[in-house]
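Chain by chain, the residues:
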Amino acid sequence: MTFNVLNGWNTTKIGERDDLAAEVILSERPHVLCLQEFDPCYRMADAPLQELIASRYTEVGDAHTSWNPIFYDHNKLRAVEFSEVPFARGTVYNYSQGGLSGFRTIFYALLETLDTGKRFLVLNLHYDMCKDRELCLENQADESRQAVALAEQLSAQYGVDALFVTGDYNARIDGVPTAYMLQNGFVDTHALAAERDDRGSCSKLGEPLWGGYDAAIDHILYRGTRPLTVHRYQTVDSIRAASDHAPVFAEMTLA
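Residues numbered from 1 in each chain as written. Predicted model: local features only at pLDDT ≥ 70, side-chain atom pairs only at ≥ 80, totals over all residues. Heavy atoms only, no water.

**Some words on the overall build of the protein**
No. 1: On a plain count of helices and strands, the protein comes out with 6 helices and 15 strands.
No. 2: A globule of 255 residues ought to have a C-alpha radius of gyration of about 18 Å, and the protein, at 17 Å, matches this closely.
No. 3: Along the first, second and third principal axes, the C-alpha set of the protein runs to 45 × 45 × 35 Å.
No. 4: Residues classed as buried in the protein amount to 52% of the 255 residues present.
No. 5: For the protein, the accessible area works out to roughly 11,100 Å², and carbon and sulfur atoms hold 49% of it.
No. 6: Placing the 22 positive and 36 negative side-chain charges of the protein at their respective mean positions leaves the two points 3 Å apart. (Helix = DSSP H or I, 4+ residues; strand = E, 2+ residues; numbered from the N terminus. Rg over C-alpha atoms; globule rule 2.2 N^0.38 Å. Buried < 20%, exposed > 50% of the residue type's maximum accessible area, 1.4 Å probe, protein only. Areas by Shrake-Rupley, 256 points an atom, 1.4 Å probe, with all protein chains shown as cover. Lys, Arg positive; Asp, Glu negative; His and termini not counted. Charge placed at Lys NZ, Arg CZ, Asp CG, Glu CD.)

Below, the structure written as C-alpha cells:
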C-alpha cells in the first residue's frame, strides 16, 4: 500500500486524521506500507499513526524521521538493509504558510519474507511538485533518472531480482517520471492487475475522487525477473476525509 497522508502544514488537524488512516491500513493489512509526507506533526500527534498501527507494523530504520518511511508487517517480513537518499536538486520545499518540508527523498528497504527467506527491494519516494511547471519538469526528469540509477545499483548490490518503486509521483502514468521509468525496464502494476478500478488517487478533503486512472499520480511500478502476478489493484477512497490522496492497495504474488 502506498499512501500520501498529507503533511502537517495543512490546515486540517493531524490528530483528527490519524485514526482514519490507521483504520484503513489495519483493514487492508498490506504486508508493506509506504507513506509520504509523514512529517513530524504526524509523529507527535495525540494519537500518532505509527502507534495506532504498531500491533502489526514496524517502521524500517532507527531514526524514524523520514517523511517517506516504509513500514512492514512484522508477522510476515523483516528488514535487512535500508537507507535514505536525497534527490540531487534538494529536499526542501518552502511552504507559503511557513515551515519546510523534507519530502524529496528516496527511502529504500531490502525486505525478507519470514517463511521463505526470499528478498525484494522497495523504494518509496516523493517526486517534485512546484508552481513553476518548467522547473518542476526539469526536477522530475533529474529525479526519475536518479531513481532508475539507484534501482539498478541496489539490485546489483544485493543480487535482488524483484524491486518496487512506489509513492507520490506527482505525475500521471504518461508524465515525465513515470514515462522514463517505464522506458527503463519498469512495468505498471495497475496495467497487470486481473481486477482493478480506474479511479484516480487524488481528491479534495471530504470530496469524491476526481478523474480516472489516467489522472492518478500515486503509482506502484515493478522491475525484476521474478514473475509477478497482480491479483487486485484498488484505490481505497473510504477515507478521503483523511488526506488529499487516497491510498493505493495492490495485492500481488511474486514467484
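**Let's talk about helix α1 (residues 18-28)**
No. 1: Those residues of α1 lying buried are Asp18, Ala21, Ala22, Val24, Ile25 and Glu28. Considered in projection along α1, the buried side chains sweep an arc of 165° and stay on one side of the axis. Projecting away from the buried face of α1 at angles above 90 degrees are the exposed residues Glu23 and Ser27.
No. 2: Where α1 terminates, the next one or two residues include arginine 29, which has phi positive at roughly 55°. (Arc of directions from axis to C-beta.)

**Overview of the pattern of salt bridges**
No. 1: Inspection of every chain in the model, using the stated rule, returns 13 salt bridges.
No. 2: The salt bridge partner of glutamate 143 is arginine 104, with a shortest N-O separation of 2.8 Å. Placement of the pair is glutamate 143 in helix α4 (residues 133-158) and arginine 104 in the loop between β7 (100-101) and β8 (105-113), with a sequence separation of 39 residues. The two residues glutamate 143 and arginine 104 agree in class, both being buried. (Salt bridge = Lys/Arg side-chain N within 4 Å of Asp/Glu carboxyl O.)

**Remarks on the packing of aromatic side chains**
Given two aromatic rings, their pairing is described by the distance between the two centres and the angle made by the two planes.
No. 1: Enumeration over the complete set of coordinates arrives at 7 aromatic pairs.
No. 2: Taking 5.0 Å as the distance between ring centres and 45° as the angle between the ring planes, the aromatic pair formed by phenylalanine 164 and tyrosine 222 counts as tilted. Separated by 58 residues along the polypeptide, phenylalanine 164 in strand β10 (residues 162-168) and tyrosine 222 in strand β13 (residues 218-224) bring together distant segments of the chain. Comparing phenylalanine 164 with tyrosine 222, the two get one shared label, buried.
No. 3: On the basis of an interplanar angle of 85° and a centroid distance of 6.1 Å, the ring pair of tyrosine 213 and tyrosine 233 is categorised as edge-to-face. Residue tyrosine 213 is found in the loop between β12 (195-196) and β13, and its partner tyrosine 233 is found in strand β14 (residues 228-235); the two are separated by 20 residues along the sequence.
No. 4: A connected cluster of aromatic rings, assembled from ring pairs, spans Phe87, Tyr127 and Tyr169. (Phe/Tyr/Trp six-rings, centres within 6.5 Å; stacked < 30°, edge-to-face > 60°.)

**Some words on α4**
No. 1: In a regular helix each residue adds 1.5 Å, so 26 residues correspond to 38 Å; α4 covers 37 Å between its end C-alpha atoms and thus fits that length.
No. 2: Of the residues making up α4, those classed as buried are Cys136, Asn139, Gln140, Ala141, Glu143, Ser144, Ala147, Val148, Leu150, Ala151 and Leu154.
No. 3: Looking at the buried residues of α4, the elements they touch are β5 (77-86), β8, β9 (119-126), β10, α5 (176-182) and β13.
No. 4: Glycine 159 lies just past α4 and shows a positive phi near 60°. (Expected span 1.5 Å × (residues − 1). Contact = heavy atoms within 4.5 Å.)

**Some thoughts on the sheet that holds β9**
No. 1: Strands sit in the order β5-β8-β9-β10-β13-β11 across an open sheet of 6 strands; the sheet is mixed. Edge strands, defined here as strands with exactly one partner in the open sheet, are β5 and β11 (187-188).
No. 2: Of the pairings in the sheet, the one linking β10 to β13 comprises 7 bridges and is antiparallel in character. When the sheet's bridge partners are listed, aspartate 168 is paired in β13 with aspartate 218.
No. 3: In the packing of α4 onto the sheet, the strands contacted are β5, β8, β9, β10 and β13, and the crossing angle to β9 comes to about 160°. (Pairing = 2+ DSSP bridges. Axes fitted to C-alpha atoms, helices over the stretch in contact; angles between N-to-C directions.)

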